[in-house]
Amino acid sequence: MSVNASLAQRRANAATKAETLIVDYYLDGDKMIIASATTPGKLYVVTSGDCTCPAGLQELPCKHAEFRLNILYPRCTTQQQTDAQYTVTLDLADELF
């Protein structure tokens, strides 16, 4: 498996994990501070370029970066998702502010 294929698979895995991630976070512009889903009391800082989690420090795709993208840029995950479902997603994002 090539390095690019491996990174693409890792990013796909991170995106899947991010969809079900339920953690506390604080968003300030481009920067997100997010609680670890596995280590109580551990916080990571995520920006558009990096994450301070173990994977992020190795410059690998991580679920925290994908979670940040899901919050900042909600998107339809399937073609079957209705406008009503997308509106609910946007309303939930609005509640954060």
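Refer to the structure above for everything that follows.
Before going into details, it helps to say that this report is about the structure given with it. (Residues numbered from 1 in each chain as written. Predicted model: local features only at pLDDT ≥ 70, side-chain atom pairs only at ≥ 80, totals over all residues. Heavy atoms only, no water.)

With that settled, the discussion passes to the side chain of Arg-68. Counting through the fold element by element, Arg-68 comes out in helix 3 (residues 63–72). Since its relative accessible area comes to 4%, Arg-68 is described here as buried. Discounting chain neighbours no more than four positions away, the residues touching Arg-68 are Asp-30, Met-32, Val-46, Thr-47 and Ser-48. (Helix = DSSP H or I, 4+ residues; strand = E, 2+ residues; numbered from the N terminus. Buried < 20%, exposed > 50% of the residue type's maximum accessible area, 1.4 Å probe, protein only. Contact = heavy atoms within 4.5 Å.)

Let's shift gears to the packing of aromatic side chains. Counted under the stated rule, the structure contains 1 aromatic pair. Centre to centre, the rings of Tyr-25 and Phe-67 are 5.3 Å apart; their planes meet at 75 degrees, and the pair counts as edge-to-face. Of this pair, Tyr-25 sits in strand 1 (residues 25–28) while Phe-67 is found in helix 3, placing the two residues 42 residues apart along the sequence. When its relative accessible area of 25% is taken as the criterion, Tyr-25 is described as partly exposed. Residue Phe-67 is classed as buried on the basis of its relative accessible area of 7%. (Phe/Tyr/Trp six-rings, centres within 6.5 Å; stacked < 30°, edge-to-face > 60°.)

Here the focus is the nonpolar core. Counting residues in each nonpolar core, the largest one holds 12 residues, listed as Val-23, Leu-27, Met-32, Ile-34, Tyr-44, Val-46, Cys-51, Cys-53, Ala-55, Cys-62, Phe-67 and Ile-71. If you list the elements that add at least two residues to this core, you get strand 2 (31–35), strand 3 (43–46) and helix 3. (Core = buried A, V, L, I, M, F, W, Y, C linked by side-chain atoms within 4.5 Å.)

Below, the discussion takes up the sheet that holds strand 2. In spatial order, the strands read 1-2-3; together these 3 strands make up an open sheet with antiparallel pairing. Edge strands, defined here as strands with exactly one partner in the open sheet, are strand 1 and strand 3. Along the sheet, successive strands turn relative to each other by an average axial angle of 15 degrees, direction set aside. Taken together, the 4 bridges between strand 1 and strand 2 define a ladder with antiparallel strand orientation. Looking at strand 2, one finds that Asp-28 is bridged to Lys-31. (Pairing = 2+ DSSP bridges. Axes fitted to C-alpha atoms, helices over the stretch in contact; angles between N-to-C directions.)

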